[in-house]
Amino acid sequence: MTGTRIAALGHYQPAKVLTNHDLAALVDTDDAWITSRVGIRTRHVAGPDEPVDELAAHAAGKALATAGLTAADIDLVLVATSTAIDRSPNTAARVAARLGMPSPATMDLNVVCAGFTHALATADHAVRAGAARRALVIGADKMTDVTDWTDRTTCVLVGDGAGAAIVEAVEYDEATGAIGPVLWGSVPEMGHAVRIEGTPPRFAQEGQSVYRWATQQLPALARQACERSGVTPEELAGVVLHQANLRIIEPLAAKIGAVNAVVARDVVDSGNTSAASIPLALAKLVERGELPSGAPVLLFGFGGNLSYAGQVIRVP
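On a predicted model such as this, the values are computed, not experimentally measured, just so you know.

The rules behind each value
Residues numbered from 1 in each chain as written. Predicted model: local features only at pLDDT ≥ 70, side-chain atom pairs only at ≥ 80, totals over all residues. Heavy atoms only, no water. 1 Å grid on protein atoms, 1.4 Å probe; cavity = no way out; pocket = protein on both sides within 12 Å on 5 of 7 lines; lining within 4 Å. Points joined across faces, edges and corners; volume = space filled by probe spheres on them. Helix = DSSP H or I, 4+ residues; strand = E, 2+ residues; numbered from the N terminus. Nonpolar A, V, L, I, M, F, W, Y, C, P; charged D, E, K, R; others polar. Buried < 20%, exposed > 50% of the residue type's maximum accessible area, 1.4 Å probe, protein only. Lys, Arg positive; Asp, Glu negative; His and termini not counted. Salt bridge = Lys/Arg side-chain N within 4 Å of Asp/Glu carboxyl O. Polar contact = N/O pair within 3.5 Å; in protein donor to acceptor, adjacent residues only side chain to side chain.

> Which parts of the structure should I look at to understand the layout of surface pockets?
In this approach the atoms are scanned with a rolling probe the size of a water molecule, which exposes any empty space left behind. Estimates place the volume of the largest pocket at around 500 Å³. Counting residues per element, the lining of the largest pocket draws most heavily on strand β9 (residues 194-197), which supplies 3 residues. Residues belonging to the lining of the largest pocket are distributed by class as follows: 8 nonpolar, 9 polar and 6 charged. Of the volumes computed, that of the second largest pocket is approximately 430 Å³. Considering the residues around the second largest pocket, the lining is formed by 23 residues, among which Val38, Leu157, Gln205, Gly207 and Asn245 are closest to the centre. Those elements that place two or more of their residues in the lining of the second largest pocket are α2 (31-37), β10 (202-205), α6 (207-228) and α7 (246-256). A total of 4 residues in the lining of the second largest pocket trace back to one element, the largest contributor, which is α6. Per-class residue counts for the lining of the second largest pocket are 12 nonpolar, 9 polar and 2 charged.

Below, the structure is given as structure tokens:
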């Protein structure tokens with residue numbers, strides 16, 4: 001049987017950094033207010049000449065280099081994003097063109113903050129089914145493009161960036177399946193709780209509703225994702241949740257029962273980068289050597305649309 005694994009990771013963030021003190025000059029806020037409520041201290045901001053596909057291509061190029069692959073080795077490109085301005089060509093096609101890929105299938109997925117884990121599952125399914133040999137999966141968002149910089153409840157949250165993973169076929173091993181089965185779903189009646197709507201589009205959310213839902217409902221779902229991979233929470237070496245709010249991440253990780261895991265806290269330095277947040281945080285942990293190769297890590301995305309998706313992967 002065919003299995004899949006993540007062969008390599010890559011990440012990219014724009015050079016410009018916006019601190020809490022910088023934001024205090026724009027809106028009525030301060031460092032203490034922001035850190036006490038969401039835990040964020042800095043975020044990276046892309047310029048007007050840095051579109052989403054450029055962020056994505058930088059992260060993808062790094063993943064290819066790490067894997068020792070060329071653009072021609074990829075036959076499927078999936079980009080999770082909700083902030084691309086143009087409808088066509090889609091972001092995946094533009095990434096493929098930037099990297100010089102010859103003839104890949106190219107698709108965008110818009111599941112907002114849960115986009116990367118949905119895209120990773122889709123690539124896993126495509127490779128297992130033989131529809132693709134090697135897939136490039138990217139989460140990329142330029143949240144600052146859809147932000148109201150006069151709204152202190154949302155402008156303090158967001159950042160820009162991209163993370164990428166290369167998914168390839170391996171011989172299936174039931175004991176150590178490299179990318180485990182996905183657990184995914186949504187709460188359609190609560191889709192209004194996180195929105196990017198209007199012309200021009202603007203990000204808005206009902207923060208308390210999202211906080212209650214995430215802290216009360218997601219622990220059981222995350223444990224189910226572990227069960228599908230035959231891994232107990234205690235066996236996890238790492239937990240990488242959507243980087244929305246430190247006040248959600250820390251209690252959620254504790255309620256899952258991942259007592260021995262490294263918990264990603266990239267939100268402190270990067271803010272909420274939506275679909276980019278999980279691959280960005282995971283790639284940084286791996287690059288710093290904080291997660292050993294082959295170790296099980298839970299990825300769990302949640303948020304926009306009140307959608308969620310999670311799976312256990314093995315560190316490349």
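> Help me understand the side chain of arginine 43 in this model?
With respect to the helices, strands and loops of the structure, arginine 43 is situated in strand β3 (residues 42-44). Buried charged residue arginine 43 carries no salt bridge. Nearest counter-charge: aspartate 22, at 7.0 Å. Engagement of the side chain of arginine 43 in a polar contact is seen with the side chain of asparagine 20, the distance being 2.9 Å. A distance of 3.5 Å separates a polar atom in the side chain of arginine 43 from the backbone oxygen of arginine 41.

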